[in-house]
Amino acid sequence: MLIDLANLPSDPQLLQRLVCDMAAAVESRDGEIERLQSIIKKLQRAQFGRSSERLDPDQLALALEELDADIARIQESRPFVGEPSAERPSRRKPLPDHLPREDVLVDVDSTICTGCRGALHAIGESVSEMLDWVPAQLRVIRTTRPKYACRTCETVVQAPAPERLIAGGLATPALLAQVLTAKYCDHAPLYRQSQIFARSGVDLPRSTLAGWVGGACWWLEALHERLAKNVFASDHLFADDTPVPVLDPGRGRTKTGRLWVYAREQRPWGGPEPPAAVYLFAPDRKAERPVSHLEHFKGVLHVDGYAGFEQLTVKGDIVLAACWAHTRRKFFDVAQATNAPIAMEALRRIGELYAVEADVRGQSPAHRLASRRGRSKPIVDAMRVWLEAQLPLLSGRSTLAVAIRYALSRWDGLNRFLHDGRIELDTNPVERAIRPVALGRKNHLFAGSDGGGHRWAVLCSLIETCKLNDVEPYAYLHDVLSRMVDGHSINRLDELLPWAWKLGNPVKS
């Protein structure tokens, strides 16, 4: 607003209106400045600061390793005699029983007493264990098929060649399982794996490894579809999506695809179905994607604030439960940027809800529902009245007003947990399922094509479901690929789902 101070109007009413317009402009500008400052501080925190809301898993692992190293140095600097006492118990967990043991006997030189020259007799022994490492070893399996001929009719007989996972390929199921686990579980890109193989004198170009991944996924495709069908038959799921860069050769750069993630987690209320996570690749984030994925789903879907999920409720078969963690995050960002008392109070009230959830976690749905109606409902009801009272006092463009409107516009979804003991407060189960994808983006950067994005989804689904069910991914993939190449019936795919496979193969991760 430009004002000619040398030619101000003399009419008092006109001057009052001018002052009101100026005050409104200043208020609007202050709100915009506050919003932009909040965005800047949020970006600075994300890049330079420590945020409890977004802690990088790699940084967390590094910090824990440094802490463990410091503790070990402190313990080693305190010499003590004998075994740890009851007052200072050891924090080290015992080594797993399934690891092979190699016994080493360290005995005295002589069984004659050096003092009186009498005979020594055994009174016990001390046993300690150390963890050893046997480096991985590549080997060649040479298959010989003798030929036989009949001298009478000259018929030649030879056993048929064993089926290979990759037609004409070198990889056994064990090697394929290692490549898949290294990339999609341990996030080692194929070019690094190629370098690791080269150190053993084996030339396996990245393109060869990529072909192996595609060939393995051809076998696992049907199992991925069966897992998705099993998960979508549930009545309580968590949904979210995350971007994945995809190479776009025509434009010489990457485009943004999406991995849609659907998680099943019933352990907090003792549900009957095992945990699972299904990933589906799509080239975009259109609302039609979850609509097609959940075409046959009926029940409660835990979601974030993405507006496209609203289309799922048109037929009335799906009810959306909103996420208190996303609501809390809006107020958290404001509190970190401005220390606004209203934001701090909102965080305190939401914290009271999570305190109730901590007390009822693992209880039956009926017990959870009774506790929520007695303890959580008064908190939620009072919070809505309070938020509605605070909103008119704030600038409409301020980040705090945005946070309040975000909560109030989703209030019905945020209240779902007060009507069903099986509903969770947030979408954290699917958020946890997304973290491995973020690590994958950081390490192998992008998918080579839309087909590569689909393969990413297939392997992530099986590996993350393995981890959720305490199944070791390499052992699982090795055994499943071996069974498939040996002719496992497609009508018995349910036997190969991770939780069913675990019953006969109790190997923990």
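Just so we're clear, the structure is a prediction, and the values are computed from it rather than from any experiment.

A few words on unusual backbone geometry. The residue histidine 187 is not glycine, and still its phi comes out positive at about 65 degrees. In this fold, histidine 187 is placed in the loop between helix 3 (173–184) and helix 4 (190–199). Histidine 187 sits in the buried class, given a relative accessible area of 10%. The backbone of aspartate 470 sits at a positive phi, close to 55 degrees, despite the residue not being glycine. Topologically, aspartate 470 is positioned in the loop between helix 13 (450–468) and helix 14 (473–485).

Across the sheet, five strands lie side by side as 5-4-3-6-7; this open sheet has mixed pairing. The two strands at the open ends of the sheet, each matched to only one other strand, are strand 5 (276–282) and strand 7 (318–321). With direction set aside, neighbouring strand axes in the sheet form an average angle of 30 degrees. Pairing geometry for strand 4 (residues 253–264) and strand 5, over seven bridges, is antiparallel. The residue of strand 5 that forms the bridge with arginine 258 is alanine 282. Across the sheet, helix 5 (residues 206–232) lies against strand 3 (236–248), strand 4 and strand 5, angled at about 115 degrees from strand 5, the strand it touches most. The strands touched by helix 13 within the sheet are strand 3, strand 4 and strand 5, with strand 5 carrying the most contacts at an inclination of about 175 degrees.

In this fold, glycine 270 is placed in the loop between strand 4 and strand 5. Spatially, the C-alpha atom of glycine 270 lies 7.0 Å from that of glutamine 363, the residues being 93 residues apart in sequence.

Attention now goes to the packing of helix 3 against helix 5. Orientation of helix 3 relative to helix 5, taken along the N-to-C sense of each, is 100 degrees, at an axis distance of 10 Å. For the element pair helix 3 / helix 5, the angle class is roughly perpendicular. On the side of helix 3, the interface is formed by Leu175, Leu176, Val179, Leu180 and Tyr184, while helix 5 contributes Leu209, Trp212, Val213, Ala216 and Leu220. Here the residues of the contact of helix 3 with helix 5 are counted per class, giving ten nonpolar, no polar and no charged.

On to the nonpolar core. The biggest cluster of nonpolar side chains holds 77 residues, and the ones touching the most others in it are Trp212, Leu220, Leu223, Tyr279, Leu301, Phe309 and Tyr476. Residues in contact with phenylalanine 309, not counting those within four places in the same chain, are Ala239, Asp240, Trp260, Pro290, Leu301, Val303, Asp304 and Leu320. In this structure, Leu347, Ile379, Trp386 and Leu400 belong to the second largest nonpolar core, which totals 30 residues.

Judged from the three bridges that link them, strand 3 and strand 6 (residues 299–302) form a sheet pairing that is parallel. Of the residues in strand 6, the one forming a bridge with phenylalanine 238 is histidine 302. Examined bridge by bridge, strand 6 and strand 7 share four bridges and lie parallel to one another. Bridge pairing in strand 7 places glycine 299 opposite isoleucine 318.

So, on to the packing of aromatic side chains. How two aromatic rings sit relative to each other is set out by the distance from centre to centre and by the angle between their planes. Per the counting criterion, the structure on display carries seven aromatic pairs. Seen in terms of ring centroids, tyrosine 306 and phenylalanine 309 are 5.3 Å apart; in terms of plane orientation they differ by 85 degrees. Their pairing is edge-to-face. Each of the two residues, tyrosine 306 as well as phenylalanine 309, counts as buried. Between tryptophan 324 and tryptophan 411 the ring centres are 5.7 Å apart and the planes differ by 75 degrees, which places this aromatic pair in the edge-to-face class. Of this pair, tryptophan 324 sits in helix 7 (residues 324–338) while tryptophan 411 is found in helix 11 (residues 411–414), placing the two residues 87 residues apart along the sequence. In this pair, the class of tryptophan 324 matches that of tryptophan 411, namely buried. A network of ring pairs unites the aromatic residues Trp260, Tyr306 and Phe309 as a single cluster. Of note, arginine 264 hangs over the ring of tryptophan 499, and the distance from its end group to the ring centre comes to 5.3 Å. Between the NZ or CZ atom of lysine 330 and the centre of the ring of tyrosine 406, over which it lies, the distance is 5.0 Å.

With that settled, the discussion passes to the environment of serine 398. Structurally, the position occupied by serine 398 is in the loop between helix 9 (365–390) and helix 10 (399–409). Owing to a relative accessible area of 8%, serine 398 belongs among the buried residues under this scheme. Distance from serine 398 to glutamate 34, taken between C-alpha atoms, is 6.4 Å for residues 364 residues apart in sequence. The contacts of serine 398, once residues within four sequence positions are left out, are Gly31 and Glu34. For serine 398, the side chain forms a polar contact with the main-chain nitrogen of alanine 401, separated by 3.2 Å.

Calculation rules
- Residues numbered from 1 in each chain as written.
- Predicted model: local features only at pLDDT ≥ 70, side-chain atom pairs only at ≥ 80, totals over all residues.
- Heavy atoms only, no water.
- Helix = DSSP H or I, 4+ residues; strand = E, 2+ residues; numbered from the N terminus.
- Buried < 20%, exposed > 50% of the residue type's maximum accessible area, 1.4 Å probe, protein only.
- Pairing = 2+ DSSP bridges.
- Axes fitted to C-alpha atoms, helices over the stretch in contact; angles between N-to-C directions.
- Contact = heavy atoms within 4.5 Å.
- Parallel < 35°, antiparallel > 145°, perpendicular 65-115°, else oblique.
- Nonpolar A, V, L, I, M, F, W, Y, C, P; charged D, E, K, R; others polar.
- Core = buried A, V, L, I, M, F, W, Y, C linked by side-chain atoms within 4.5 Å.
- Phe/Tyr/Trp six-rings, centres within 6.5 Å; stacked < 30°, edge-to-face > 60°.
- Lys NZ or Arg CZ within 6 Å of the ring centre and 35° of its normal.
- Polar contact = N/O pair within 3.5 Å; in protein donor to acceptor, adjacent residues only side chain to side chain.

Structural measurements only, silent on function.
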